[in-house]
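Here is how the chains run, residue by residue.
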Amino acid sequence: MGTVLFPFPAFFKWVRNPSGYFFKVGEAGKTRMTTNLTKPISKKLLFAMLIVTIGAEVLLYLTRYSYMAGTLYDAMMVSSFFIGWKLYQRLKSPTDHPKTKRQVTLQFTGAFLIFFIGSTVINMYSTNTFQDFSVDYDQYVQDYAESQAYDAGDGGASTDPVWAFFEKVDMIGYDLFADTLAGLEEVWRLAYMILLLVIFKKIFKRRWESGRRDIFLMSALFLTSILFGIDHTLDSDQPWSIRIGAIVTFANMGLLFGLILLWTRNLWVTVLVHALYDITATLSWYYIDYAVELFALAVLVVHMILFTLEKLHQRRLERQLDAVELVQAAE
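Predicted model only: the values in this text are computed from it and were never measured. (Residues numbered from 1 in each chain as written. Predicted model: local features only at pLDDT ≥ 70, side-chain atom pairs only at ≥ 80, totals over all residues. Heavy atoms only, no water.)

1. A short note on the nonpolar core
Now for step 1: Core analysis: the largest hydrophobic core is formed by 39 residues, its most contacted members being L37, M49, I83, L87, L190, L197 and L267.
Now for step 2: Taken together, the elements giving at least two residues each to this core come down to α1 (27–37), α2 (43–62), α3 (67–87), α7 (185–203), α9 (214–231), α10 (240–264) and α11 (267–286).
Now for step 3: Looking at which element gives the most residues to this core, the answer is α7, with 9 residues.
Now for step 4: When neighbours within four sequence positions are excluded, L190 is seen to be in contact with L37, L87, Y88, L91, L261 and L267. (Core = buried A, V, L, I, M, F, W, Y, C linked by side-chain atoms within 4.5 Å. Buried < 20%, exposed > 50% of the residue type's maximum accessible area, 1.4 Å probe, protein only. Helix = DSSP H or I, 4+ residues; strand = E, 2+ residues; numbered from the N terminus. Contact = heavy atoms within 4.5 Å.)

2. Examining the packing of α11 against helix α12 (residues 291–330)
Now for step 1: With their axes 7 Å apart at the nearest point, α11 and α12 run at an angle of 135 degrees to one another. By the criterion of interaxial angle, the relationship of α11 to α12 is oblique. In contact with L276, Y277, T280, A281, L283 and S284 of α11, α12 contributes A291, V292 and F295.
Now for step 2: When grouped by side-chain class, the residues that make up the contact of α11 with α12 number 7 nonpolar, 2 polar and no charged. (Axes fitted to C-alpha atoms, helices over the stretch in contact; angles between N-to-C directions. Parallel < 35°, antiparallel > 145°, perpendicular 65-115°, else oblique. Nonpolar A, V, L, I, M, F, W, Y, C, P; charged D, E, K, R; others polar.)

3. Quick look at the environment of T280
Now for step 1: Here T280 shows up in helix α11.
Now for step 2: Taking the C-alpha atoms as reference, T280 lies 9.4 Å from A296; in sequence the two are 16 residues apart.
Now for step 3: Not counting chain neighbours up to four residues away, the residues in contact with T280 comprise A291, V292 and F295.

4. Let's talk about the packing of α3 against α7
Now for step 1: Direction vectors running N to C along α3 and α7 enclose 55 degrees, while the axes themselves pass 8 Å from each other. When the axis of α3 is compared with that of α7, the two are oblique. Between α3 and α7 the crossing geometry is left-handed. Counted together, Y73, M77, S80, I83, G84 and L87 of α3 and E185, V187, L190, A191 and I194 of α7 form the full contact between these two elements.
Now for step 2: For the contact of α3 with α7, a count of residues per class yields 8 nonpolar, 2 polar and 1 charged. (Left-handed = near helix turned anticlockwise from the far one by under 90°.)

5. Notes on the environment of P239
Now for step 1: Along the chain, P239 turns up in the loop between α9 and α10.
Now for step 2: On the basis of relative accessible area, P239 is assigned to the partly exposed category, the value being 47%.
Now for step 3: Residues P239 and F133, spaced 106 residues apart in sequence, show a C-alpha to C-alpha distance of 9.5 Å.

Right, dumping it as structure tokens:
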């Protein structure tokens, strides 16, 4: 009856989500998930999925040479919202219990805290392991922050207060817009996982029909994580010593997002975690020191409050259920 909504440290073993299902579910549960994900796909939807996966990677590579490719990539990310709206229901099972708003919020807060802690460990590992990448990334952040720094006394800035205000809005607004679009990369991940599972279903038909599909789901998760890492190197030409560090770092980040997607079975929670993490990371570069840490602390406080309220609510339900059972036994 109890529900663990912040499944840490047992995240990789026996983790329950608010609907009552374990992350490491039985064969029937995993079969239902893979069955739902590989339901028949219309030609139009298949074409759209190929556009937001392979097409997005082509545009990312072309951003090395063309500003227009970057604009088209942003437009593709916006349009991927509608594809996500078609796909997100495939993560759910008809037997899932509907979640309350508080349970969904707990999913988000728990997922964000898991990603915050995981990404901190990944960053520490990459800093110590991939020195060239670490130095290059730090320099990139510093250069970007300096290029975006706003100085009202700068001769390049407008002296008109209205123009100055909108210059500030444009600078901050573009960053927030780009980070929000980054969250929609989770639609890319889900689309790629579905495409890979469909391929596995066709090639390994006998094993698929036997119900032993763990290897397919984990392979799709692993491959999309590797692609996520590679995609973060497509827009620039860098030495391999830097590129390998970037691929490993972002592949690990992608693996975390993929695990969160499969645990919550909620595309939009994962999109929100990705977008808000990127937004707070950007804010921490040149607007608010330690923005990520401060936001994570606020999320932790909210999570503990909601978690306590949810446990009290569950205990009330348990007492009511026990009282009903006693009355029925007496009768």
